[in-house]
Amino acid sequence: MDFHTLVSMVVWTVSGAVLLFALMFVDSLFTRYNDLEELKAGNMAVTARFLLKLLAQGYILSCSIAASSSLGDALVVSIVSFWLLFIVEKAVELLLGKWGKIDLDHGTRLGKIGYGLLAGSLHVNGALIIAAFIRG
């Protein structure tokens, strides 16, 4: 492994970490509760949702990095994927609210672990589909 590869690894890792932080921050702006406060309070439903979403975004980023020779391209794919998953999550939440009378945000805020797992699993499943597309 040469010096250029080591420097590239550091740059890609730091860039990926900054992107993941930014995406999770943006995600927290769209919930009806404060993610960090709920995490600190020990709300396991919020924690499960947060971790599953972080895992999904990390997986997408790792696949986009593996498939791309350009850091910019990999980051853009991750950002587009985030918005795609966000739209899918909101659509499913809307459908669950209309048809099943299930409010994922409210149930997650109340600490109902099943709600947090369902909300987070939407992102994990979406990430698996997106990653399959990225890898071709």
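Residues numbered from 1 in each chain as written. Predicted model: local features only at pLDDT ≥ 70, side-chain atom pairs only at ≥ 80, totals over all residues. Heavy atoms only, no water.

Undergrad: Looking at this structure, how should I read the pattern of salt bridges?
TA: It is possible for side chains of opposite charge to pair when their charged atoms get near one another. Enumeration over the complete set of coordinates arrives at nine salt bridges. Across the salt bridge formed by Arg-32 and Asp-103, the nearest N and O atoms sit 2.4 Å from each other. With a gap of 71 residues between them, Arg-32 in the loop between helix H1 (3–29) and helix H2 (35–40) and Asp-103 in the loop between helix H4 (71–100) and helix H5 (104–109) connect regions that are remote in the sequence. Classification of Asp-103 by relative accessible area gives partly exposed; the value is 33%. Of the charged contacts in the structure, one is a salt bridge between Lys-53 and Glu-89, with a shortest N-O distance of 2.9 Å. Within this pair, whereas Lys-53 is found in helix H3 (residues 44–67), its partner Glu-89 is found in helix H4, the two being separated by 36 residues in sequence. The residues Lys-53 and Glu-89 share a single accessibility class, namely buried. Among the charged side chains, a salt-bridge network with shared partners connects Asp-27, Arg-49, Lys-53 and Glu-89. (Salt bridge = Lys/Arg side-chain N within 4 Å of Asp/Glu carboxyl O. Helix = DSSP H or I, 4+ residues; strand = E, 2+ residues; numbered from the N terminus. Buried < 20%, exposed > 50% of the residue type's maximum accessible area, 1.4 Å probe, protein only.)

Undergrad: Hey, could you run me through the side chain of Ser-28 in this one?
TA: With respect to the secondary-structure elements, Ser-28 resides in helix H1. Classification of Ser-28 as buried rests on a relative accessible area of 18%. If we ignore the near neighbours within four places in the chain, the residues touching Ser-28 are Tyr-33 and Asp-35. (Contact = heavy atoms within 4.5 Å.)

Undergrad: It is not clear to me how the packing of aromatic side chains should be interpreted in this structure. Could you clarify?
TA: Aromatic rings considered in pairs are described by the distance between their centres and by the relative angle of their planes. By the definition in use, this model includes five aromatic pairs. Here Phe-30 and Trp-83 contribute two aromatic rings whose centre-to-centre distance is 6.3 Å and whose plane-to-plane angle is 85°, an arrangement assigned as edge-to-face. Within this pair, whereas Phe-30 is found in the loop between H1 and H2, its partner Trp-83 is found in helix H4, the two being separated by 53 residues in sequence. On the accessibility criterion, Phe-30 (38% relative accessible area) is partly exposed. Considering the side-chain rings of Phe-82 and Phe-86, the 6.4 Å spacing of their centres and the 20° angle between planes classify their relative orientation as stacked. Note that Phe-82 and Phe-86 are positioned in helix H4 at a spacing of four residues, about one turn of the helix. By the burial criterion, Phe-82 is buried, and Phe-86 matches it. Through a chain of ring-to-ring contacts, three or more aromatic side chains come together here, namely Phe-30, Phe-82, Trp-83 and Phe-86. (Phe/Tyr/Trp six-rings, centres within 6.5 Å; stacked < 30°, edge-to-face > 60°.)

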